[in-house]
Amino acid sequence: LPEEFVSLTSENPPVTGRYSMNYLDSRGVTKADILKWKIGFCFEGEFRNRIIIPSFDEDGDCSYFIARSYSGDSYKYKNPRASKDIVFNELFIDWSSDLILVEGVFDALVAGNAVPILGSTLKETTKLFKKIAEKQTKVFIGLDEDALSKSMKIISLLLEYGLDVYKINTSEIEDIGSITKTEAEDLKLEASPINLESIFDDVISIEEVKIYKPHPNVYN
């Protein structure tokens, strides 16, 4: 974490954290979320005027962090000089339960048992994909609607490994981070199961989706 990192988990956050707390409140982030995700901020330094959301690996060590401006900076996010090939907040993930894949950290704050892929792509060489394939976790895709073609590529790759995949309908919302946790849960309950046949019935053309044969279990 940055040297200037200040935690917001204390009962009485510092006065310099007022603006960051106001921003989090505007995003619907609760005190319970702040405590669970160990959210803080930087008031000065390289990441000044930014919310800091740490990521912890399965051993509880900080593996990455997201730095989001709360002061209207033209660059909303400023990433640390570290590898993004992580499972964001793996410490909190229940691999035996439904897993929601979302784009950003604020989406994950709302979605529940969720992992932000920190973008809109997921390759089979990444730690996240390998973990999902190893655990054979049921996956719900909750990417933004404007990333539909990328969602379908991720879905087809997951299907290659014999995983159960569902697609959350985000066409009526800006993103999952813009709705409440209850609304996100309702969308998940309404999610549609996906298979190769249903992919071709979607708005994506056949040419944009690669048809895969069942993949051998690489973990045996």
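Located above this text is the structure these notes cover.
The sections below set out a description of the structure shown in this document. Counting starts from 1 at the beginning of each chain's written sequence and moves along it residue by residue. Note on the predicted model: pLDDT of at least 70 is required for a residue's local features to be given, and 80 or more for side-chain atom pairs to be given and counted; whole-chain, interface and lining totals, by contrast, use all residues. As a convention, hydrogens and water are excluded, and side-chain values are obtained from all of the structure's heavy atoms.

### What to know about the sheet that holds strand β2 (residues 40–42)
Line of reasoning, step 1. In spatial order, the strands read β1-β2-β3-β4; together these four strands make up an open sheet with antiparallel pairing. Every other strand in the sheet has two partners, leaving β1 (5–7) and β4 (62–69) as the edge strands with one partner each. Within this sheet the neighbouring strands show an average axis-to-axis angle of 35°, counted without direction.
Line of reasoning, step 2. Pairing analysis gives three bridges linking β2 to strand β3 (residues 50–56), with the strands arranged antiparallel. Bridge pairing links Gly40 to Ile52 in β3.
Line of reasoning, step 3. By definition, residues are in contact when any of their heavy atoms lie within 4.5 Å. Whenever a helix is involved, its axis is fitted only over the stretch in contact; in every case the axis is a line through C-alpha atoms, and angles between N-to-C directions fall within 0 to 180 degrees. The secondary structure listing takes helices from DSSP runs of H or I that are at least 4 residues long and strands from runs of E that are at least 2 residues long, numbered from the N terminus. Sheet strands touched by helix α1 (residues 18–26): β2, β3 and β4. Its angle to β3, the strand with the most contacts, is close to 70°. Should DSSP find at least two bridges between two strands, the strands are regarded as paired.

### A word on the pattern of salt bridges
Line of reasoning, step 1. Throughout this description, the term salt bridge denotes a Lys or Arg side-chain nitrogen within 4 Å of a carboxyl oxygen of Asp or Glu. Within the structure shown, the criterion is met by seven salt bridges.
Line of reasoning, step 2. Of the charged contacts, one joins Asp73 and Arg50 as a salt bridge, the two residues approaching to 3.7 Å between their closest N and O atoms. With a gap of 23 residues between them, Asp73 in the loop between β4 and β5 (99–102) and Arg50 in strand β3 connect regions that are remote in the sequence.
Line of reasoning, step 3. Partly exposed describes any residue whose relative accessible area lies between the buried limit of under 20% and the exposed limit of over 50%, with all areas from a 1.4 Å probe on protein chains only and scaled to the type maximum. A residue is classified by how much of its surface remains accessible, and Arg50, at 5% relative accessible area, is buried.
Line of reasoning, step 4. Between Glu90 and Lys131 there is a salt bridge, with the nearest N and O atoms lying 3.4 Å from each other. In this pair, Glu90 sits in the loop between β4 and β5 while Lys131 sits in helix α4 (residues 127–135), placing the two residues 41 residues apart along the sequence.
Line of reasoning, step 5. One network of salt bridges, with partners in common, ties together Glu46, Lys78 and Arg81.

### With respect to the packing of aromatic side chains
Line of reasoning, step 1. Centres within 6.5 Å make a pair out of two Phe, Tyr or Trp rings, where for Trp the six-membered ring is used; the pair is then stacked when the planes are under 30 degrees apart, edge-to-face when over 60, and tilted otherwise. Scanning all chains against the criterion turns up five aromatic pairs.
Line of reasoning, step 2. Considering the side-chain rings of Tyr23 and Phe106, the 6.1 Å spacing of their centres and the 85° angle between planes classify their relative orientation as edge-to-face. Separated by 83 residues along the polypeptide, Tyr23 in helix α1 and Phe106 in helix α3 (residues 105–111) bring together distant segments of the chain. Here Tyr23 matches Phe106 in class, with each residue buried.
Line of reasoning, step 3. Consider the rings of Phe140 and Tyr166, whose centres lie 4.8 Å apart with planes at 15°: the pair is stacked. Within this pair, whereas Phe140 is found in strand β7 (residues 139–141), its partner Tyr166 is found in strand β8 (residues 165–167), the two being separated by 26 residues in sequence.

### Side note on the pairing of β4
Line of reasoning, step 1. Of all eight residues in β4, six are buried, a share of seventy percent or more.
Line of reasoning, step 2. Pairing between β3 and β4: seven bridges, direction antiparallel. Along β4, the bridge assignment pairs Ile53 with Ile66.

### Some remarks on the environment of Glu172
Line of reasoning, step 1. Counting through the fold element by element, Glu172 comes out in the loop between β8 and α6 (181–189).
Line of reasoning, step 2. C-alpha of Glu172 to C-alpha of Glu145: the two residues are 27 residues apart in sequence and 8.6 Å apart in space.

### Some thoughts on the sheet that holds β5
Line of reasoning, step 1. Spatial ordering of the open sheet is given by β6-β5-β7-β8-β9, a layout of five strands whose pairing is mixed. Every other strand in the sheet has two partners, leaving β6 (114–116) and β9 (192–194) as the edge strands with one partner each. Averaged over all pairs of adjacent strands, the angle between their axes in this sheet comes to 30°, without regard to strand direction.
Line of reasoning, step 2. As judged from the three bridges shared by β8 and β9, these two strands associate in the antiparallel manner. Along β9, the bridge assignment pairs Tyr166 with Pro193.

### Notes on α1
Line of reasoning, step 1. Looking only at α1, the buried set comprises Ser20, Tyr23 and Leu24. The arc that holds every buried residue of α1, seen down its axis, measures 100°, which confines them to one face. Facing away from the buried side of α1 by over 90 degrees, the exposed positions are Asp25 and Ser26.
Line of reasoning, step 2. Considering only its buried residues, α1 is in contact with α2 (31–37), β2, β3, β4 and α3.
Line of reasoning, step 3. Following α1 by one or two positions, Gly28 adopts a phi angle in the positive range, close to 80°. What the arc measures is the spread of directions leading from the helix axis to the C-beta atoms.

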